[in-house]
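# Structure assessment
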Amino acid sequence: MAKEFQKKFMHPTRRKLANMVLTGGEYEKDTVVSFANAENAADKNRKKEVGERWTDSEGKTWEQKEFGKVRLNENSDTFAEVREYLNKLNTCSAEGCKTIKVSYADKKLISKTGYCAKCLATKQLQIKQDGLWEAYTDYKSFQNMISYGKEVIEQFKQAYKDVKQEYEIVGEDGKLEKWKMEKDAEEMKAEILADIKNFEEELEIAYQKRNEAWDKLKDKNYDLIKPPID
Ligand SMILES: [Zn+2]
């Protein structure tokens, strides 16, 4: 069911269109970036006050002293954060977890589910014994469909706004290329609108099924199931 639903969202022609429109959108974003760089360049030439701190284009932070600029060292903080993050990735969140040696497979599961293989199996077994395994897998796949579907609809809404008869795209050589769409832009817009409507109807079904599954699960307070996000 999950696969079928996704395939519908990934209709090749639509996908291509979305990509094309997105590329056009990115060109505009790039223009903004170059304006920001121009500002930075002007800022670079300005004389800094003593005590002023700034970050250069390479991400290095400097402080102006009376005798000149000095590089500030932020590494210690960054390392501590990274270490804490990695530690969390390798620690099973189950209460009373007895796994001492965390294997590579455990680490992968922990980063995905929060639990080591042993604890995950115990928690899943409980759901199976309660006779709610199907509700559990349904809940997860419909929840995934919903978040994926919402993303796709957003992309299509953006595509609808961005559809133009002619685009300017920066080519690999850095030159502006004009790109004319063969299909009539209005016709394209109508098609995108129809697609959005279809997606929204499918999403509505996914919501219903997700909620039905949630109704069966909610009183159990399973660790593996987070409440629905809409
Ligand atoms: Zn564990």
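In what follows, the structure referred to is the one given above.
It should be emphasised that the depicted structure is a prediction, and the values quoted were computed from it without experimental measurement.

Here is what the cut-offs are and how they apply
Residues numbered from 1 in each chain as written. Predicted model: local features only at pLDDT ≥ 70, side-chain atom pairs only at ≥ 80, totals over all residues. Heavy atoms only, no water. Helix = DSSP H or I, 4+ residues; strand = E, 2+ residues; numbered from the N terminus. Buried < 20%, exposed > 50% of the residue type's maximum accessible area, 1.4 Å probe, protein only. Contact = heavy atoms within 4.5 Å. Areas by Shrake-Rupley, 256 points an atom, 1.4 Å probe, with all protein chains shown as cover. 1 Å grid on protein atoms, 1.4 Å probe; cavity = no way out; pocket = protein on both sides within 12 Å on 5 of 7 lines; lining within 4 Å. Points joined across faces, edges and corners; volume = space filled by probe spheres on them. Nonpolar A, V, L, I, M, F, W, Y, C, P; charged D, E, K, R; others polar. Expected span 1.5 Å × (residues − 1). Donors = N, O, S within 2.8 Å, 3.2 Å for Na, K, Ca; no water. Tetrahedral: all angles 85-135°; square planar, octahedral: opposite > 155°, others 65-115°. Salt bridge = Lys/Arg side-chain N within 4 Å of Asp/Glu carboxyl O. Phe/Tyr/Trp six-rings, centres within 6.5 Å; stacked < 30°, edge-to-face > 60°. Lys NZ or Arg CZ within 6 Å of the ring centre and 35° of its normal. Axes fitted to C-alpha atoms, helices over the stretch in contact; angles between N-to-C directions. Parallel < 35°, antiparallel > 145°, perpendicular 65-115°, else oblique. Left-handed = near helix turned anticlockwise from the far one by under 90°.

## As for the overall build of the protein
- A count of helical and extended segments in the protein gives seven helices and five strands.
- Scanning the protein from its N terminus toward the C terminus, one meets helices and strands in the order α-α-β-β-β-α-α-α-α-β-β-α.
- Out of the 230 residues in the protein, the part that is buried amounts to 28%.
- Sequence-distant contacts, at least 24 apart, represent 49% of the contacts inside the protein between residues at least 6 apart.
- Summed over all atoms, the accessible surface of the protein reaches about 16,900 Å², with 51% contributed by carbon and sulfur.

## Considerations on the layout of surface pockets
- Considered as a void within the structure, the largest pocket measures approximately 480 Å³ in volume.
- Lining the largest pocket are 15 residues; nearest its centre among them are Lys-112, Tyr-136, Lys-140, Leu-224 and Lys-226.
- Where the lining of the largest pocket is concerned, the elements lending two or more residues are α4 (104–113), α5 (117–129) and α6 (133–162).
- Here the lining of the largest pocket takes five residues from α6, the largest share from any one element.
- Across the lining of the largest pocket, the residue classes tally to seven nonpolar, four polar and four charged.

## Let's talk about α6
- Here α6 spans 43 Å end to end across 30 residues, near enough to the 44 Å set by a 1.5 Å rise per residue.
- Listed in full, the buried residues belonging to α6 are Ala-135, Tyr-136, Tyr-139, Phe-142, Gln-143, Met-145, Ile-146, Gly-149, Val-152, Ile-153, Phe-156 and Ala-159.

## Focus on the coordination of the zinc ion
- Cys-92 (SG), Cys-97 (SG), Cys-116 (SG) and Cys-119 (SG) make up the full set of protein donors to the zinc ion, lying at 2.2 to 2.3 Å.
- Considering all four donor atoms around the zinc ion, angles at the metal cover 101 to 117 degrees and the coordination shape is tetrahedral.
- All donors of the zinc ion belong to a single chain; written as a sequence motif, their spacing is C-x4-C-x18-C-x2-C. A residue pair is termed long-range when its members are at least 10 positions apart, and Cys-97 in the loop between α3 (75–89) and α4 and Cys-116 in the loop between α4 and α5 qualify at 19 residues.

## Notes on the environment of Lys-112
- Mapped onto the secondary structure, Lys-112 falls in helix α4.
- Separated by 23 residues in the primary sequence, Lys-112 and Leu-89 have C-alpha atoms spaced 9.0 Å apart.

## Regarding the pattern of salt bridges
- Within this structure, the stated rule accounts for eight salt bridges.
- The salt bridge partner of Lys-183 is Glu-191, with a shortest N-O separation of 2.8 Å.
- Take Lys-183: its relative accessible area is 32%, and that puts it in the partly exposed class.
- Measuring nitrogen to oxygen at the nearest pair gives 3.1 Å for the salt bridge that ties Lys-218 to Asp-215.
- Classification of Asp-215 as partly exposed rests on a relative accessible area of 47%.
- Through salt bridges with shared partners, one network takes in Arg-53, Glu-63 and Lys-65.

## A look at the packing of aromatic side chains
- By the definition in use, this model includes three aromatic pairs.
- Arranged with centres 5.2 Å apart and planes meeting at 85 degrees, the rings of Phe-156 and Phe-199 form a pair that is edge-to-face. One end of the pair, Phe-156, is in helix α6; the other, Phe-199, is in helix α7 (residues 185–217), with 43 residues separating them in the sequence. Judged on exposure class, the residue Phe-156 and its partner Phe-199 are both buried.
- Of note, Lys-48 hangs over the ring of Trp-54, and the distance from its end group to the ring centre comes to 4.5 Å.

## Some details on the environment of Cys-119
- If you trace the backbone, Cys-119 turns up in helix α5.
- For the pair Cys-119 and Glu-95, spaced 24 residues apart in sequence, the C-alpha to C-alpha distance is 9.2 Å.
- If we skip the residues at most four places from it in the chain, Cys-119 touches Cys-92, Ala-94 and Cys-97.

## Here we look at the packing of α6 against α7
- Two elements in contact, α6 and α7, have axes whose closest approach is 8 Å; the angle formed by their N-to-C orientations is 160 degrees. One finds that α6 runs roughly antiparallel with respect to α7. Both α6 and α7 take part in a crossing whose hand is left-handed.
- Residues that form the contact of α6 with α7 fall into these classes: 21 nonpolar, two polar and nine charged.

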